[in-house]
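Chain and residue survey
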Amino acid sequence: MKPQSDNFECCPPFDPTPWDDKLFQWDKKRFVKDRVLSLFYYPVNFGKKIIRLIHLIEDSDGKMEDWMCLSDHTSKWNMDIYAAVDKEIYMASNVEISGTFYSRVYEGDFRNTDKWCADFTQHLKEKSMELEKMYMWYTTCPKCAKKYGKNYVVIIAKIRQ
């Protein structure tokens, strides 16, 4: 059980600089995957699933890289989550992701997600990039976002070249 004091930090502070308006390559980047139940795109058991993945990672003496957990909203009823890891994780669904990616950082309330996605898509068009797959990286839980006073969300898109 996590301590509930105001000083407890479950999500590390996020630095948006390395992720804002960046183009990068992933070559077989390792992730562990799980599925989250959603209700009209609102995640219901995200916390429970990410804690499960963290325990699997720790039990395998692995590390979660950059505390990155990508969300792929596959429907309004579920989403897949991908936690970045440094090695294969025992008893987990291990996947590798490769390709050219573009990322952009947004800040604010989750209610702005539609606006952020529209802005991101427009930005890709202006840069003559073609979207193949879009992921959301919610960098902190709601409690830590409130604690830090910032709620950063990174949109990471695999692009066609």
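Note that the structure is predicted; figures quoted are calculated from it, not measured.

Across its full length, the protein carries three helices and seven strands. Going from the N terminus to the C terminus, the protein shows its helices and strands as β-β-α-β-β-β-α-β-α-β. The C-alpha radius of gyration computed for the protein amounts to 16 Å, which stays within 12% of the reference 15 Å derived for 161 residues, consistent with globular compactness. Once the C-alpha set of the protein is aligned to its principal axes, its extents read approximately 45 × 35 × 30 Å. Residues counted as buried form 42% of the 161 residues belonging to the protein.

Residues Leu37, Leu39, Phe40, Val44 and Trp77 make up a contiguous nonpolar surface patch of roughly 530 Å² in combined accessible area. Topologically, tryptophan 77 is positioned in the loop between β3 (64-72) and β4 (78-85).

Once that is clear, we can look at helix α1 (residues 46-59). Spacing of three or four residues puts side chains on the same side of an α-helix, whose turn is 3.6 residues. With 14 residues, α1 should reach 20 Å at 1.5 Å per residue; the first-to-last C-alpha distance of 20 Å fits that figure. All of the buried residues in α1 are Ile50, Leu53, Ile54, Leu56 and Ile57. On an axial view of α1, the arc spanned by its buried residues comes to 160°, and they lie on one face. Facing away from the buried side of α1 by over 90 degrees, the exposed positions are Lys48 and Asp59. Buried positions along α1 lie against β1 (22-39), β3 and β4. In the stretch just after α1, aspartate 61 is the one whose phi turns positive, near 55°.

Cut-offs and rules
Residues numbered from 1 in each chain as written. Predicted model: local features only at pLDDT ≥ 70, side-chain atom pairs only at ≥ 80, totals over all residues. Heavy atoms only, no water. Helix = DSSP H or I, 4+ residues; strand = E, 2+ residues; numbered from the N terminus. Rg over C-alpha atoms; globule rule 2.2 N^0.38 Å. Buried < 20%, exposed > 50% of the residue type's maximum accessible area, 1.4 Å probe, protein only. Patch = residues over 30% accessible without salt bridge, like charges linked within 9 Å, V, L, I, M, F, W, Y side chains within 5 Å. Areas by Shrake-Rupley, 256 points an atom, 1.4 Å probe, with all protein chains shown as cover. Salt bridge = Lys/Arg side-chain N within 4 Å of Asp/Glu carboxyl O. Expected span 1.5 Å × (residues − 1). Arc of directions from axis to C-beta. Contact = heavy atoms within 4.5 Å.

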